[in-house]
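So the chains spell out like this:
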Amino acid sequence: MAEIRVDHLRKAFGEFVAVQDSSFTVEDGAFLALLGPSGCGKTTTLRMIAGLELPTGGTISLAGEDVTYKRASERDIAFVFQLFALYPHMNVRRNIGFPLLAQGVPKAEIRTRVEETARLLQIDHILDRPVSGLAGGDRQRVALGRAIVRRPKCFLMDEPLGTLDAEFREVMVRELRELHNRIHATTVYVTHDQIEAMAMADRIAVMNHGVIEQFGTPQQIYDRPASMYVADFIGSPPMNFIRFDAGLPKGARTARIGAAEIEMPALRAEVAPGALALGVRPEHIRFSDASPLRGAIYGTEYLGTNQIVTVETQGGLVRARLPAGQSYRIGEPVGLSFKSERLSLFDARSGRVIPSVLHEGALRREARHG
Amino acid sequence: MSAANSAHSVVEPGAASKRIAATLVILYAVITLVPLVWIFLTSIKSPPDSISYPPKILFTPSLEGYCNLFTTRTRQTPEYIAALPEPDGICDAVTRKRNMVIAGPSNFLPRFANSLIIAFGSTFLAVGLGTLAAYGFSRFKVPLADDLLFFILSTRMMPPIAVAIPIYLMYRQLGLSDTAIGMMLLYTAVNVSLAVWLLKGFIDEIPREYEEAAMIDGYSRLQAFRKVVLPQATTGIAATAIFCLIFAWNEYAFASLLTSGSAQTAPPFIPTIIGEGGQDWPAVAAGTTIFLVPILVFTILLRKQLLRGITFGAVRK
């Protein structure tokens, strides 16, 4: 097992820059999710770590060794493909044993190690079946088996659950995380599904247009998004943005939006006058008749334990996650109050967050990572 | 699964339409088989039966055609023949009835062997080269790939025989006239374009992930090609091989122009049989019947791959 260090990695396909200047470190045994929409460069980043794509610039090191321009076969890594890429002309046993065959492991040892791996993944009963007839989940497990059988330095997974149906995906998310807890392999996992990333990863790198927007723990990413993009991408429904124009001094604890004076975490920087956006998670909104921030009910979505209530305000539509008990009429006027210590303030022009008390812990931690 | 019931799905045909289809297929098969059956029947007729009019449907089968195909014979006086010891085998007996004796083996076997060597050899070369070239075009950034592929295709745009005279002159200069290697090269050159185009289609269908997986699993690209790509391309390779073999096996024009002696193939040889001792149609038919066998066997052996190959990977996944 090993640490993966990516330094100023860059990849251009002709004019198109797929990855620009990415730097991050995956600690030994950690589970990193590269999260972002399609075309954001996450798969390209993964393929460069694997050696399937050569970078245009920057370096990649595995366990302290520079592997930037090494062949995939020399890197001692395992890769789980989106469509699994199980060799169709081989049965399950030969598929899992194929990497060991390349290393010249003796036949008897291949046999025992394949069987060990199959037991770990609970696929020992299908070892002699052809892979073509397997169900999605079993294909997935065979692909994992082929990856873990030779105990590589790290695992790279490219949306391995993308083709499974939703119900089964949850099962596999749990299995993958359990597997990780058991073998502690350094893992880089590419996904566009925030729920998968949040559920499995120790660290998440949110990517957009070839840039890592934020690198942090799932909690940091959710509670303290570094940009409006991250805030909007993570969370369902995403963070609300209440847009307003203002200039604020360093240390400000309130912002005036229309008639309302909204409390928020004290700012750690001065804000020049301009367009700002106050970020509020739906679960940090409550209705209070006394609040000067007014709106009218626009619609509701019932979700069982709670409901999403959309409110039309002067600053646009705001969605609140509220207990399911209360029912609302469309058009009914309401006042909104926010959980002030959890609010984020963004510079609406650059999209970046304005540092506040909320970020103190996170900033220190990120500085240590950088 | 619900998609299977939608309007665009393939509907299982009803019993009546199946019966109509079967009737049509059988009818077509019978019509196309008539000449083949006629050739086979002619090959087991005696020479007088073969030219009788109206044609005989019922006749006494004879091996004379096959005997005449494999032997050369000389006419002898009845006294000489009567003085000979007991006939040695059927052919001896048949020949003596016509007042002839077997003088020696005919050229049919060596010509047939030439056909086998040249057709299978050129097929092997064309498919081998074609597979490598197709893999290269499919997987690597080849400079001017489209132009090269068009160039390769363009070699088939005029009938090969249009270049017969230049090739004849070239081959004479190079000493390749009437050599097996020359014919093999020629058929390879004609077939390789077909092979590249067909195989590129098949290899494009094989997802790159398989090779990438193999390379990550610790194999070199060549090993990945051999252990992962080739086994999956067998369908396409088999289909391509049959097309190439059929061309090389049946080719007549170049063979009659460029070969006359030691490297002559069966197609130009078979018609010459007829000239030896009258209208020997049974011998010609026997030669044709035997000539049909290798392609038939090869096609039957590969029919599974061929059938799957004809769908061009449409049913993958």
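Up top is the structure these notes are about.
Residues numbered from 1 in each chain as written. Chains lettered and ligands numbered in written order. Predicted model: local features only at pLDDT ≥ 70, side-chain atom pairs only at ≥ 80, totals over all residues.

Undergrad: So what exactly am I meant to see when it comes to the packing of helix H11 (residues 221-250) of chain B against helix H14 (residues 281-301) of chain B here?
TA: The description of two helices packed together rests on the angle between their axes and the distance between the axes. Residues and elements named next belong to chain B. Packing of H11 against H14 leaves a shortest axis separation of 11 Å and a crossing angle of 180°. It follows from the interaxial angle that H11 and H14 lie roughly antiparallel. For the pair formed by H11 and H14, the contact residues are Ile242, Leu245, Ile246 and Trp249 on the first element and Ile295, Phe298 and Thr299 on the second. Split by residue class, the contact of H11 with H14 holds six nonpolar, one polar and no charged. (Axes fitted to C-alpha atoms, helices over the stretch in contact; angles between N-to-C directions. Helix = DSSP H or I, 4+ residues; strand = E, 2+ residues; numbered from the N terminus. Parallel < 35°, antiparallel > 145°, perpendicular 65-115°, else oblique. Contact = placed C-beta atoms within 7 Å. Nonpolar A, V, L, I, M, F, W, Y, C, P; charged D, E, K, R; others polar.)

Undergrad: How do you make sense of unusual backbone geometry when you look at a structure like this?
TA: Outside of glycine, negative phi angles account for most residues, and trans bonds account for most peptide bonds. At the junction of Ser236(A) and Pro237(A), the peptide bond is cis and its omega measures out at -5° in the coordinates. As for its position among the elements, Pro237(A) is in the loop between helix H8 (228-233) and strand E11 (240-248). Tyr53(B) connects to Pro54(B) through a cis peptide bond whose omega is -5°. Within the element layout of this structure, Pro54(B) appears in the loop between helix H2 (47-50) and helix H3 (64-70). The residue Arg151(A) is not glycine, and still its phi comes out positive at about 50°. Locating Arg151(A) in the fold gives a position in the loop between helix H4 (136-148) and strand E7 (154-158). On the basis of neighbour counts, which here come to 13 C-beta atoms within 10 Å, the residue Arg151(A) falls in the partly exposed class. We note that His209(A) has phi near 50°; this positive angle belongs to a residue other than glycine. (Buried ≥ 20, exposed ≤ 12 C-beta atoms within 10 Å, placed from the backbone.)

Undergrad: Explain the sheet that holds strand E15 (residues 285-287) of chain A here, please?
TA: Remark on secondary structure: sheet strands pair via backbone hydrogen bonds, oriented parallel or antiparallel. All names here are of chain A. Spatially, E15-E19-E16-E17-E18 is the arrangement adopted by the five strands of the open sheet, whose pairing is antiparallel. The two strands at the open ends of the sheet, each matched to only one other strand, are E15 and strand E18 (316-323). Strand-to-strand twist in this sheet, taken as the mean axis angle between neighbours without regard to direction, amounts to 45°. Examined bridge by bridge, strand E16 (residues 294-302) and strand E17 (residues 306-313) share seven bridges and lie antiparallel to one another. In the sheet register, Glu301 faces E17, and the bridge partner there is Ile308. (Pairing = 2+ DSSP bridges.)

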